[in-house]
There are 2 protein chains.
Amino acid sequence: MSEEAPKEQSKSALKKAEKAAKMAADKAAKAAKQAALPVVGGKKAEEIMGITVSKAENFPAWYQEVVLKSEMVEYYQEISGFFVLRPLSMHIWSTIRKWFQQHIEEMGVEETSFPIFLSAKSLEKEKDHVEGFAPELAWVTKAGDKDLEVPVAIRPTSEAVMYPYYSKWIRSHRDLPLRLNQWNSVVRWEAKQTTPFLRTREFLWQEGHTAHLTEELAGEEALQILELYAGVYEQLLAVPVVRGRKTENEKFAGGYYTTTVEGYIPSNGRGIQGATSHCLGQNFSKMFDITVEDPANKGSHLHVWQNSWGLSTRVIGVMVMVHGDDKGLVLPPRIAKIQAIFIPIGINKNTTPEAKKKHEDTIEDIRATLKKAGVRTDADWREGYTIGWKFNDWELKGVPLRIEFGFKDAEKEVISFARRDTGEKGTIPISEVGTKVPELLETIQNDMYTKAEAAFREHRIQITKWEEVLPALDNKNVVLIPFCLDGKCEDRIKALTTREDNQPDVPENQKAPAMGMKSLCIPFEQPEGVVAGETECLNPECERKAQKWVMFGRSY
Amino acid sequence: MSEEAPKEQSKSALKKAEKAAKMAADKAAKAAKQAALPVVGGKKAEEIMGITVSKAENFPAWYQEVVLKSEMVEYYQEISGFFVLRPLSMHIWSTIRKWFQQHIEEMGVEETSFPIFLSAKSLEKEKDHVEGFAPELAWVTKAGDKDLEVPVAIRPTSEAVMYPYYSKWIRSHRDLPLRLNQWNSVVRWEAKQTTPFLRTREFLWQEGHTAHLTEELAGEEALQILELYAGVYEQLLAVPVVRGRKTENEKFAGGYYTTTVEGYIPSNGRGIQGATSHCLGQNFSKMFDITVEDPANKGSHLHVWQNSWGLSTRVIGVMVMVHGDDKGLVLPPRIAKIQAIFIPIGINKNTTPEAKKKHEDTIEDIRATLKKAGVRTDADWREGYTIGWKFNDWELKGVPLRIEFGFKDAEKEVISFARRDTGEKGTIPISEVGTKVPELLETIQNDMYTKAEAAFREHRIQITKWEEVLPALDNKNVVLIPFCLDGKCEDRIKALTTREDNQPDVPENQKAPAMGMKSLCIPFEQPEGVVAGETECLNPECERKAQKWVMFGRSY
């Protein structure tokens, strides 16, 4: 199964960004460690701990800083291209896992765990499929101090690991559908620049592999799964996606067709593949000899129809890119580990122990009420930090709701809140927190989706004149164009929209992007205006007729 | 973290067993595939599909057949020592995972995911600890067709992967406790004979790694976790365990002390390590420089106290060994994927479509009622199989409750059931299934535990005369003996209880076991009778005084 990752980012820009982020973080860690206690007084710590790059000005550097400083990931210093996923991001992945697992269980998909290694032998069986992965395979050649007789590769995906057993287990049409899924990690030793979540040499994912009697049944399932992938983005991550089918050029190598959900990054106007659900057709069942007797035609055998589908931790990266701002992460409430952070206000040296105790008790009472209402909260009782430092820290970490509670709030019997997404402030009577806070969190979730959805919609432009394409891309749009669906024409469109990157006198950050556009998907939802076989393909050099509106864009 | 696996099984017996199991399964698969439809009429298929070895007569062969034929695992033909975990066993692991995860979350343990690889450099840092794992490390030396500049090893456990970051992240005592856990798989390239679940070259587990300010806090947590491990065995798997501490000889290399839950396999009288929770003391924090300022003594620094604890898929193997019988698996209801299987009775060629439909509807109604009551059911509507074949098939798979439903049952408005664990049969009025079936499942769960607990208790014998030791072991007991706790004495006890395996004229299966006994644990629950410093150590050659009752036994 293929998991697309950004291909054509400017390497030098990314390397610089990565280096800068690492240096800043190391500096901060060192400073804090040297000080033994975190820096008190706010100002200095803020300078070191906060995001130092603007999202608009240097998006790649901003991204690297955000995921690192918010404590989503840590660079694995020992081996490049690997990252530690810390509790903040693992909570998101666990939430997604639970949600998706429950849905596929209801569909009848069962859990399995196949070995991590592929033998060289089974790789040979499906050469075409494996060809694409071959340069990225990690080979184990030694165990202890002994050379292995036959080297084994770590799975980059498990078709070749699993399908020999599908052949063994599927003996009759009554064994169909066979639907297995596993949650694991795969290794793809990327030669390209890596980026946390988006392109890493190891990543967590689920891979589903199913077998069906007919094309129709396989096709139905592929779409059911795609809808669940869309649900992960839209319902959990508040990220809008476009559902569609990949062109022949962009489909999974060795498969029959690929369905996909495609996202959009407003900051640079690029498309990004969200997750893919492939119908493999009978290609693999022929390679691996997976057959059953045709129930409609006794005595004759047919090859089963297969699907494979995968969703990886990349989703977290997309979410960060879409929602984050110059203060750091902005997390949708449904996937936030802490949904509301309490900051006690006004406690100082002059506060009597009794007053302090009462204040603490009130906050804990409110938190208990919220816990009953299903709200995940924490309270920041850390001493030696200013209120401002705490505000910045929790904003950096993206907590959706900050709840300030001071003695004045206690008198008025309210809590004061600030939304992370909009900065909007207000108060809620303590007596109503059990209903109002969950409502507010839902409002935040919906507002975040609505905002992102509007940005995507506004920047998904229908174009019918070739000369409008490049300006649209430069204005950070993806484009819907009438397209003939021909692979060579698609290659040509990419070439025609690639700028010669030869502007020696223009400073790096003022150069127009050079990247050509590629097809993102053929959206299932087709606007009017393309009459198959009548409308012209938009490529001025192409003489074929358009078949569909196809979404193109610069992309990851 | 160490995960013990069986060390001294007879290799030839195991190899034979494995081969026989594989051949039988392959034969069955081939026969079924050739027949296109599964063999009808029962007799022949039963012979092929059922368990062919008695648990009492050839325990290792019985075990291999059960885990394979029940469809818990599949041998990975491509690479020896690896196994596929199929849905039946993955359901058990998922159930354990959910239960344990919920409990550690409540304790404040957070989820993380560290990379799969260790660099050679970080390995050097903790040579003592790594020494034990070195012969089993799988080394990646190539990516694609290029040699890596520095080879990397797949984690056998993650101390060396994680602790450099503990040093970075723990800056102050306010960062304590740091409690992280990850669910993953580890690779240990065993040279010894592998056995599904018990000793495999890759296995699934959780590994928790925590850091605390004081020895006391670390010690408290180690015991809390141990109690959860005992809960997995006792409450989920219906397997009794003894809680205790390992002797110095048997503790985790590099740690401070190891707490453990120890199980018992009645069929061969061996002890088996269930799961271990280690207090690492300050040994690793000194190696990895994990320090904080001492809050009680400003200006001076102290090394943090660490724990690590792990539970692996080995638990499933222990459960199979304890509960299974000559018909196959016997699953405790709480971890069974299907808790009750419906077998429709009496439908044949003479049944009218209307009668059949009504029968089906009734069964589906009952199943809906049970689903509401939280009972996981399935119905076996497969055609072309005899009732007898179906009974055997579900018994093999260990489903706790078989529910037969024929036209006579329908008339009487009852269901007929048979318990998998005892074979006991009975009827339940349809109107009462929603309460009686869950009750019955709980009864089965408790009865299974009670039976296993009695077997363990009866075979855990307090011994105060040395000459009684060997007969007790030969009678499939583990023994509690007064012991001085000295490591050399422990080695000597093992040697003294090892029989010379030189009985050339005695047939293999009649030879007395040769394996010496080792210490399993120092049980927390100490019977009376040992007065530290007064009672003699049981080893007749030892002149030290006993310190504790210690559980010894032949073991995995």
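Further up the page is the structure itself.
Everything quoted here is computed from the prediction, not taken from an experiment.

Draft legend 1. Broad picture of the overall build of chain A. The number of helices and strands found in chain A is 16 helices and 23 strands. Every one of the 556 residues in chain A was classed for burial, and the buried ones make up 58%. Counting only contacts in chain A whose residues sit at least 6 apart along the sequence, the fraction spanning at least 24 positions is 70%. Carbon and sulfur atoms form 49% of the exposed surface of chain A, whose accessible area is close to 23,200 Å².

Draft legend 2. Expanded view of helix α3 (residues 59-69) of chain A. Along α3(A), 10 of the 11 residues are buried, which leaves the element largely enclosed by surrounding structure. Here α3(A) has its buried residues at Phe59(A), Ala61(A), Trp62(A), Tyr63(A), Gln64(A), Glu65(A), Val66(A), Val67(A), Leu68(A) and Lys69(A).

Draft legend 3. How the structure looks around the relation of the copies chain A and chain B. Of the two same-sequence chains, chain A is brought onto chain B (RMSD 0.0 Å, axial shift 0.0 Å) by a rotation of 180°. What we have between these two chains is a two-fold relation. Within chain A, Val140(A) has its C-alpha nearest the rotation axis, a separation of 2.1 Å. Most of the interface of chain A is mirrored in chain B, where 97% of its interface residues are also at the interface.

Draft legend 4. Fine view of the pattern of salt bridges. Throughout the structure, instances matching the rule amount to 68 salt bridges over all chains. A salt bridge links Asp361(A) to Lys357(A); the shortest N-O distance between them is 2.8 Å. With Asp361(A) and Lys357(A) both in helix α11 (residues 353-372) and four residues apart, this pair spans about one turn of that helix. The residue Arg492(B) makes a salt bridge to Glu541(B) at a minimum N-O spacing of 2.6 Å. Pair noted here: Arg492(B) is in helix α16 (residues 487-496) and Glu541(B) is in the loop between β22 (518-523) and β23 (548-553), with a separation of 49 residues, a long-range link. In the salt-bridge network here, residues are joined through shared partners; they are Asp380(A), Arg382(A), Lys390(A), Asp393(A) and Lys397(A).

Draft legend 5. Seen up close, the side chain of Lys246(A). Residues and elements named next belong to chain A. Of note, lysine 246 is situated in the loop between β9 (242-245) and β10 (257-265). There is a polar contact of 3.2 Å between the side chain of lysine 246 and the side chain of glutamine 273. Ignoring any residue separated from it by four or fewer positions in sequence, one finds lysine 246 in contact with Lys251, Thr258, Thr260, Glu262, Gln273, Leu520 and Ile522.

Draft legend 6. Fine view of the sheet that holds strand β11 (residues 270-281) of chain B. All names here are of chain B. Strand order across the open sheet formed by 11 strands is β3-β7-β8-β14-β11-β10-β9-β22-β23-β21-β20, with mixed pairing between neighbours. Here the strands that pair on one side only, and so sit at the sheet edges, are β3 (110-111) and β20 (460-462). Pairing of β20 with strand β21 (residues 478-483) involves three bridges; the strand directions are parallel. Across the sheet, the residue bridging to isoleucine 461 is valine 479, located in β21. Strand contacts of helix α4 (residues 87-107): β3, β7 (178-187), β8 (202-212) and β14 (305-312), with the helix running at about 165° to β7, the strand carrying the most contacts.

Draft legend 7. Representation of the interface of chain A and chain B in the model. Opposite the 68 residues of chain A that make contact, chain B presents 66 residues. The junction of chain A with chain B conceals about 6,000 Å² of combined surface from both sides, 56% of it contributed by carbon and sulfur atoms. On the surface where chain A and chain B come into contact, there are four salt bridges. We note a salt bridge from Lys168(B) to Glu74(A), for which the minimum N-O separation is 2.8 Å. Between chain A and chain B we count 30 residue pairs in polar contact (both at pLDDT 80 or more) in total. Strand direction decides the pairing type here: strand β5 (residues 138-143) of chain A and strand β5 (residues 138-143) of chain B, joined by five bridges, are antiparallel. Across the sheet, residue Ala143(A) finds its bridge partner in β5(B), namely Ala138(B).

Draft legend 8. Main features of the environment of Glu490(A). All names here are of chain A. Here glutamate 490 lies in helix α16 (residues 487-497). The class of glutamate 490 is buried, set by a relative accessible area of 4%. Each C-alpha atom, one on glutamate 490 and one on threonine 247, is 9.0 Å from the other, the two residues being 243 residues apart in sequence. When near neighbours in sequence (up to four residues on either side) are disregarded, glutamate 490 contacts Thr247, Asn249, Glu250, Phe483, Ser519 and Phe552.

Draft legend 9. Looking closely at the side chain of Arg97(A). Turning to its location among the elements, Arg97(A) is positioned in helix α4 (residues 87-107). The residues touching Arg97(A), leaving out its near neighbours within four places in the chain, are Glu111(A), Trp183(A) and Arg97(B).

Draft legend 10. Quick peek at the sheet that holds strand β6 (residues 146-154) of chain B. Here we have six strands laid out as an open sheet, ordered β4(A)-β6(A)-β5(A)-β5(B)-β6(B)-β4(B), and antiparallel in their pairing. Among the strands making up the open sheet, the edge pair consists of β4 (117-119) of chain A together with β4 (117-119) of chain B. Averaged over neighbouring strand pairs, the angle between their axes works out to 45° when direction is ignored.

Draft legend 11. Molecular detail of the state of the cysteines. Residues and elements named next belong to chain B. Under the defined criterion, the tally for this structure stands at zero disulfides over all chains. Looking at the unpaired cysteine 489, the closest cysteine sulfur is the one in cysteine 484, lying at 3.7 Å. Taking relative accessible area as the criterion, cysteine 489 reaches 2% and is therefore assigned buried.

Draft legend 12. Representation of the packing of aromatic side chains. As enumerated under the stated definition, the model contains 46 aromatic pairs over all chains in all. Ring geometry for Phe82(A) and Phe117(B): centres 5.4 Å apart, planes at 85°, overall edge-to-face. One end of the pair, Phe82(A), is in the loop between β1 (73-75) and β2 (83-85); the other, Phe117(B), is in strand β4, on a second chain. The pair Phe82(A) / Phe117(B) is uniform in exposure class, with both members buried. Residues Phe203(B) and Trp205(B) carry aromatic rings whose centres are separated by 5.7 Å and whose planes lie at 85° to one another, so their mutual orientation is edge-to-face. Classification of Trp205(B) as buried rests on a relative accessible area of 1%.

About the cut-offs
- Residues numbered from 1 in each chain as written.
- Chains lettered and ligands numbered in written order.
- Predicted model: local features only at pLDDT ≥ 70, side-chain atom pairs only at ≥ 80, totals over all residues.
- Heavy atoms only, no water.
- Helix = DSSP H or I, 4+ residues; strand = E, 2+ residues; numbered from the N terminus.
- Buried < 20%, exposed > 50% of the residue type's maximum accessible area, 1.4 Å probe, protein only.
- Contact = heavy atoms within 4.5 Å.
- Areas by Shrake-Rupley, 256 points an atom, 1.4 Å probe, with all protein chains shown as cover.
- Least-squares fit on C-alpha atoms with pLDDT ≥ 70 in both.
- Salt bridge = Lys/Arg side-chain N within 4 Å of Asp/Glu carboxyl O.
- Polar contact = N/O pair within 3.5 Å; in protein donor to acceptor, adjacent residues only side chain to side chain.
- Pairing = 2+ DSSP bridges.
- Axes fitted to C-alpha atoms, helices over the stretch in contact; angles between N-to-C directions.
- Buried area = accessible area lost by both parts, 1.4 Å probe.
- Disulfide = S-S within 2.5 Å.
- Phe/Tyr/Trp six-rings, centres within 6.5 Å; stacked < 30°, edge-to-face > 60°.

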